[in-house]
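Architecture at a glance
The lines below spell out each chain.
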Amino acid sequence: MSDVTTASGTGTTPRGSSPLRDLGAALREWATTGVGVVRVLDRHGFGTVESGQLVAGTAAGSVAGALYRGALDDAVGPLAAAAVGGPHTQEAHVSEAVALDVGLACAGGATLLGHPLPAEPAFALGEALEREVPAALVSTTGGGGALVLSGPELGDVHGGLGSPELDAAAVDAARQLMRRGATVTERVQVEGDELLLDLWVPVPSVLVAGAGAIGEALVAQARLLGWGARTETELSVVQAAVGAFTDADVLVLLDHAPSFDAVLIDGLRRGRGFIGALGSRRTQTVRRQRLLKAGLTESDLAALRGPVGLDLGARTPAETAVSIVAQVIAARSGRAGTALAATDGRIGG
């Protein structure tokens, strides 16, 4: 989401602010007066677009958020207002000219779902988005009910879908998706019903443990993607950081010193985030033997990406950094890192 739409039109978010934070603030403000939300139930075209597209609106016509860079504004505003009173679906289409004008790759169409968001879940979702903590919004694909989960483990639950069994299935589905560590929009079959689930996860934060040209290139590449990134060389600092990892966090270990095995042991046992280690085949084998001797199991080691990175034929530090972030993206999205031409699924998230 890149813009914030108000009753008077679409405007670019002021520099330094976050579209999701602005949307969260609007949700909190409007929670007690009645909120309708518009979500993407299905789409075709548009090229690669972000998951988690969401618009919120009031019956009076105020709207926050944007779908597909504002290309669907004509449909979204009235649908958000109508959704305050009950669920509605609507087909919307964008021509090639309009799509290119707003920065989309190509024309497309979407099935939009508008539905009410009661006060408690609206406030909870708004607070989570504003604070930039993980959050999920779940409803049936018909717009029945609204369940909001928030917090690092999606432990806070607000609202409901009409039955304890459906709520429990939705919570389990959201937490399973949370393990990917990436923002997603998915339709999920549970308990004989179909749910629309939007999950928002903060962007990755990359911790490079060790110094060198590859680390510098990796930090630069991560920042180019809008991710957080930093380099640390002190074992105690790295251990403390990994001990606080969420699923959105990434460790890339450059230092081959055996003392840093402790970081890998802690991280793999905790089971949070992406854990990768650089090094030759021989370095990986020797490290693996040490970790097994220290008590890790083969199952633990299956989560260690080492050598880290996809096989792109990288030769320079910059190319190696690209291969590493490519593997992180694939892992967070649950993809294999296969060439698009060799697949027949949806392009992008």
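Up top is the structure these notes are about.
Because the structure is a prediction, the values reported are computed rather than measured.

**What about the overall build of the protein?**
- The secondary structure content of the protein amounts to eleven helices and 17 strands.
- A compact globule built from 349 residues would reach a C-alpha radius of gyration of about 20 Å, and the protein, at 22 Å, matches this within 12%.
- Each of the three principal axes of the protein carries a C-alpha extent, and together these read 65 × 45 × 40 Å.
- Sorting the 349 residues of the protein into buried and exposed places 47% on the buried side.
- Counting only contacts in the protein whose residues sit at least 6 apart along the sequence, the fraction spanning at least 24 positions is 62%.

**Notes on the sheet that holds strand S6 (residues 88-94)**
- On the basis of which strands lie adjacent, the open sheet formed by five strands has the order S5-S4-S3-S7-S6 and antiparallel pairing. Pairing within the sheet leaves two strands with one partner each, and these edge strands are strand S5 (63-65) and S6. Neighbour-to-neighbour, the strand axes of this sheet turn through a mean angle of 25°, independent of strand direction.
- Strand direction decides the pairing type here: strand S4 (residues 54-57) and S5, joined by three bridges, are antiparallel.

**Comments concerning the pattern of salt bridges**
- Using the criterion set out here, one finds seven salt bridges in the structure.
- Here arginine 272 ties to glutamate 153 by a salt bridge, and the two come within 2.5 Å at their closest N and O atoms. In this pair, arginine 272 sits in the loop between helix H8 (261-270) and strand S16 (274-277) while glutamate 153 sits in the loop between strand S9 (146-150) and strand S10 (156-160), placing the two residues 119 residues apart along the sequence.
- Judged by its relative accessible area of 15%, arginine 272 falls in the buried class.
- Exposure remark for glutamate 153: the relative accessible area of 42% places this residue in the partly exposed category.
- The closest approach of N and O atoms between arginine 187 and glutamate 194, which form a salt bridge, is 3.2 Å.

**Here we look at the packing of helix H6 (residues 213-224) against helix H11 (residues 317-333)**
- At a minimum axis distance of 8 Å, the contact between H6 and H11 shows a crossing angle of 55°. In terms of their interaxial angle, H6 and H11 are classed as oblique. You can see that H6 and H11 cross each other, and the crossing is right-handed. Residues Ala213, Ile214, Ala217, Leu218 and Gln221 of H6 form the contact with H11, whose own contacting residues are Pro317, Ala318, Thr320, Ala321, Val322, Ile324 and Val325.
- In terms of residue class, the contact of H6 with H11 is built from ten nonpolar, two polar and no charged.

**Considering helix H2 (residues 73-83)**
- All of the buried residues along H2 are Ala75, Val76, Gly77, Leu79, Ala80 and Ala83.
- The inward-facing, buried residues of H2 abut strand S3 (35-45), S4, S5, S6 and strand S7 (108-117).

**A look at the pairing of strand S15 (residues 249-253)**
- Of all five residues in S15, five are buried; the element is thus mostly enclosed.
- Here five bridges tie strand S13 (residues 205-209) to S15, and the two strands are oriented parallel to one another. Looking at the pairing, serine 205 lines up with aspartate 249 of S15.
- Relative to S16, S15 is paired through four bridges, and the arrangement is parallel. Paired with leucine 251 across the strands is isoleucine 275, a residue of S16.
- Once you follow S15 into H8 and on to S16, the crossover reads as right-handed.

**Section: the sheet that holds S15**
- With parallel pairing, the five strands of this open sheet are ordered in space as S14-S13-S15-S16-S17. Both outer strands of the open sheet, strand S14 (228-232) and strand S17 (304-305), are each paired with one neighbouring strand and no more.
- Sitting on the sheet, H11 is in contact with S15, S16 and S17, with an inclination near 150° to S16.

**Some points on the layout of surface pockets**
- Taken as a whole, the second largest pocket holds about 340 Å³ of empty space.
- In this structure, the second largest pocket is lined by 20 residues; those nearest its centre are Arg179, Gly271, Gly273, Phe274 and Arg305.
- Going through the elements one at a time, S15, H8, S16 and H11 are the ones with two or more residues in the lining of the second largest pocket.
- At three residues, the largest contribution of residues to the lining of the second largest pocket is made by H11.
- In terms of residue class, the lining of the second largest pocket is built from eight nonpolar, four polar and eight charged.

**Some remarks on the environment of alanine 302**
- Here alanine 302 is to be found in the loop between helix H10 (298-301) and S17.
- Overall, the relative accessible area of 66% leaves alanine 302 in the exposed class.
- Between the alpha carbons of alanine 302 and leucine 268 there is a distance of 9.2 Å; along the sequence they are 34 residues apart.

**Side note on H11**
- A rise of 1.5 Å per residue sets the reference length of H11, with its 17 residues, at 24 Å; its end C-alpha atoms lie 24 Å apart and thus fit the reference within 8%.
- Restricting attention to buried positions, one finds in H11 the residues Thr320, Ala321, Ser323, Ile324, Val325, Gln327, Val328, Ala330 and Arg332.
- On its buried side, H11 packs onto H6, S15, S16 and S17.
- Glycine 334 occupies a position one or two residues after H11 and carries a positive phi of about 70°.

So, how was this worked out
- Residues numbered from 1 in each chain as written.
- Predicted model: local features only at pLDDT ≥ 70, side-chain atom pairs only at ≥ 80, totals over all residues.
- Heavy atoms only, no water.
- Helix = DSSP H or I, 4+ residues; strand = E, 2+ residues; numbered from the N terminus.
- Rg over C-alpha atoms; globule rule 2.2 N^0.38 Å.
- Buried < 20%, exposed > 50% of the residue type's maximum accessible area, 1.4 Å probe, protein only.
- Contact = heavy atoms within 4.5 Å.
- Pairing = 2+ DSSP bridges.
- Axes fitted to C-alpha atoms, helices over the stretch in contact; angles between N-to-C directions.
- Salt bridge = Lys/Arg side-chain N within 4 Å of Asp/Glu carboxyl O.
- Parallel < 35°, antiparallel > 145°, perpendicular 65-115°, else oblique.
- Left-handed = near helix turned anticlockwise from the far one by under 90°.
- Nonpolar A, V, L, I, M, F, W, Y, C, P; charged D, E, K, R; others polar.
- Right-handed = clockwise from strand over helix to strand, strands pointing away.
- 1 Å grid on protein atoms, 1.4 Å probe; cavity = no way out; pocket = protein on both sides within 12 Å on 5 of 7 lines; lining within 4 Å.
- Points joined across faces, edges and corners; volume = space filled by probe spheres on them.
- Expected span 1.5 Å × (residues − 1).

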